[in-house]
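# Fold and geometry: a report
Each chain, written out:
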Protein chains: 2
Amino acid sequence: MAKNDHNQTLHDPLDALLGYQLRRASSVMMADLSAALRETGLRPVEASIMLVIESSPGCTQSDVGRLLAIKRANMVPLIAGLFKRDLVYRAPVDGRSQALFLSPAGEAMAREAHSAIDRHEQRFQALFEDADVSKLLAALRQIRTLG
Amino acid sequence: MAKNDHNQTLHDPLDALLGYQLRRASSVMMADLSAALRETGLRPVEASIMLVIESSPGCTQSDVGRLLAIKRANMVPLIAGLFKRDLVYRAPVDGRSQALFLSPAGEAMAREAHSAIDRHEQRFQALFEDADVSKLLAALRQIRTLG
DNA sequence: TATTGTTATACTCTATAACTATA
DNA sequence: TATAGTTATAGAGTATAACAATA
């Protein structure tokens, strides 16, 4: 409930909409994550790519794109940016794919990213009991199944 | 859990991150909402603006922007687009603001939007018990308070 | 001084189509 | 034929700065 300059009460007709609340909550968390990662120089999408490569060394950029729902075409400048900063390196798998690995600098950067992400996640998860966080995550995974 | 072409197991290191699951779930629902609204010719953001004007006739475009977290500068082409389609009309409040109202065509369009949104919401809310939908909405509102 | 509506602009994100080389 | 990586490009979405008119 809010009021405008002319004393008109503005109530939010979207308040009970799952899609709307999801979008607004997601936008709040994304902004906080951006801020948390600021000092690392990584954007959220770059940090997520680094963590995927860290957990699956040798995966291809198409693999990463499929996992994170990023189109192949959009992966190109993202991986190129990480490569140019010497955070990842590539090794040929076959004539068309290249395996991705974190460089030593990339490993260090991944540790910084983990630390920033953990602090950021903790800030929000602290709003809930542990069991409720699990239920929330389960609900969000359920929603994703309809995509 | 997924496998790539070279039998490498790809597990998702972001699976337990609230921010990530929120973003992915939100993106699934937004895509579904876009599709649900397609035949009305409204984009999600336009539909949400229409519903706010419907529920608070006479509000200004700055009011709408504040409620929906849309910057004043970005409201201009949105309201102009609805105005050009004769879905909303404006009446001067004072020298600088104009009150917004739905035209008869806008009221009809709002009913179509409600119907499409209801079907879309039902598709997702049907994944859960009613009490769990309420808990989910409450959790998302909690997350928004940290923004 | 602060606010409304506006213009101009830029940057990010996402999407598509088309090409090459390889499998 | 299908896939990996790439280029080019277009469309959203979002952000800031600045201005005129008004409160």
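Relevant structure appears above.
Residues numbered from 1 in each chain as written. Chains lettered and ligands numbered in written order. Predicted model: local features only at pLDDT ≥ 70, side-chain atom pairs only at ≥ 80, totals over all residues. Heavy atoms only, no water.

## Structural notes on unusual backbone geometry
What counts, and what does not: Strands here are runs of E lasting at least two residues and helices are runs of H or I lasting at least four, both read from the DSSP assignment and numbered beginning at the N terminus.
The phi dihedral of Ala69(A) falls on the positive side, at around 60 degrees, and the residue is not glycine. Note that Ala69(A) resides in the loop between α3 (61–68) and α4 (72–84).

## What to know about the nonpolar core
For soluble globular proteins, the rule of thumb is that nonpolar side chains tend to be buried together. The condition is simple: Working definition of a nonpolar core: buried Ala, Val, Leu, Ile, Met, Phe, Trp, Tyr and Cys residues. They are joined through side-chain atoms within 4.5 Å. Working definition: with a 1.4 Å probe on protein chains only, accessible area under 20% of the residue-type maximum means buried, over 50% means exposed, and in between means partly exposed. A contact between two residues is defined here by any heavy atoms of the two lying within 4.5 Å.
Core analysis: the largest hydrophobic core is formed by 32 residues, its most contacted members being Leu42(A), Ile49(A), Met50(A), Ile53(A), Val64(A) and Leu68(A). Of all the elements in the fold, those that place two or more residues in this core are α1 (18–37), α2 (44–55), α3, α4, β4 (98–102) and α5 (104–125) of chain A. Ranked by the residues each element gives to this core, the list is headed by α2(A), at 6 residues. When neighbours within four sequence positions are excluded, Leu68(A) is seen to be in contact with Ser48(A), Ile49(A), Val52(A), Leu14(B), Tyr20(B) and Arg24(B). If you look at the next biggest cluster of nonpolar residues, it comprises 31 residues, including Leu17(A), Met75(B), Ala116(B) and Ile117(B).

## Some points on the protein's contact with DNA strand D
Cut-off, in case you're wondering: Residues are labelled near a given molecule or strand when at least one of their non-hydrogen atoms is within 4 Å of it. Two N or O atoms count as a polar contact when they lie within 3.5 Å, although within protein this holds only if one can serve as hydrogen donor and the other as acceptor, and sequence-adjacent residues are included solely when both atoms are side-chain atoms.
Not every one of the 19 residues close to DNA strand D is listed here, only the nearest: Arg23(A), Ser62(A), Arg96(A), Arg43(B) and Gly95(B). Among the atoms of DNA strand D close to the protein, meaning within 4 Å, 59% are from sugar or phosphate groups. Contact between DNA strand D and Asn74(B): a base nitrogen at 2.8 Å from a side-chain N or O atom of the residue. Within the backbone of Gly95(B), one N or O atom sits 2.7 Å away from a phosphate oxygen of DNA strand D. At the level of secondary structure, the elements contributing two or more residues to the surface near DNA strand D comprise α3 and α4 of chain A together with α4 (72–84) of chain B.

## A short note on the packing of aromatic side chains
Two numbers describe a pair of aromatic rings. These are the distance of the centres and the angle of the planes. Residues and elements named next belong to chain A. Applied cut-off: Aromatic rings from Phe, Tyr and Trp, taking only the six-membered ring of Trp, are treated as a pair when their centres fall within 6.5 Å; an angle between ring planes under 30 degrees marks them as stacked, one over 60 as edge-to-face, and anything in between as tilted. Throughout this description, the term charge over a ring refers to an Arg CZ or Lys NZ atom that lies within 6 Å of the ring centre and within 35 degrees of the ring normal.
Counted by the stated rule, this structure contains 2 aromatic pairs over all chains. When the ring of Tyr89 is compared with that of Phe101, the centres are 5.4 Å apart and the planes differ by 20 degrees; the resulting orientation is stacked. Of this pair, Tyr89 sits in strand β3 (residues 88–92) while Phe101 sits in strand β4, and the two are 12 residues apart along the sequence. Here Arg90 stacks its cationic end above the ring of Phe83, 4.4 Å away from the centre of that ring.

## A word on the interface of chain A and chain B
In many analyses, interface size is given as the accessible surface area lost on bringing the parts together. We apply this condition: Each of two parts loses accessible area, computed with a 1.4 Å probe, when they are put together; buried area is these two losses added. For this document, the term salt bridge refers to a Lys or Arg side-chain nitrogen within 4 Å of an Asp or Glu carboxyl oxygen. Only Asp, Glu, Lys and Arg are considered charged in this grouping, and only Ala, Val, Leu, Ile, Met, Phe, Trp, Tyr, Cys and Pro are considered nonpolar; every other residue, Gly among them, is considered polar.
The interface is formed by 58 residues belonging to chain A together with 58 residues belonging to chain B. Between chain A and chain B, a total of about 5,600 Å² is buried, with carbon and sulfur atoms accounting for 68% of that surface. Contact with chain B buries area across many residues of chain A, yet Leu18(A), Arg144(A) and Leu146(A) alone supply 12% of it, more than any other trio. Between the two partners, chain A and chain B, sit 2 salt bridges. The closest approach of N and O atoms between Asp15(A) and Arg141(B), which form a salt bridge, is 3.2 Å. Only β2 (9–10), α1, α2, α3, α5 and α6 (130–144) of chain A provide two or more residues apiece to the side of chain A that touches chain B. In terms of residue count, the dominant contributor to the side of chain A that touches chain B is α1(A) (12 residues). Of the residues in the side of chain A that touches chain B, the class split is 30 nonpolar, 16 polar and 12 charged.

## Quick word on the pattern of salt bridges
All names here are of chain B. Counted under the stated rule, the structure contains 12 salt bridges over all chains. Between Arg123 and Asp32 there is a salt bridge whose closest N-O contact spans 2.6 Å. Of this pair, Arg123 sits in helix α5 (residues 104–125) while Asp32 sits in helix α1 (residues 18–37); the two residues are 91 residues apart in sequence, bridging distant segments of the chain. With a relative accessible area of 39%, Arg123 lands in the partly exposed category. Residues Asp132 and Lys135 are paired through a salt bridge, measuring 3.8 Å at the closest nitrogen-oxygen approach. Of the two residues, Asp132 and Lys135 both sit in helix α6 (residues 130–144), 3 residues apart, roughly one turn of that helix.

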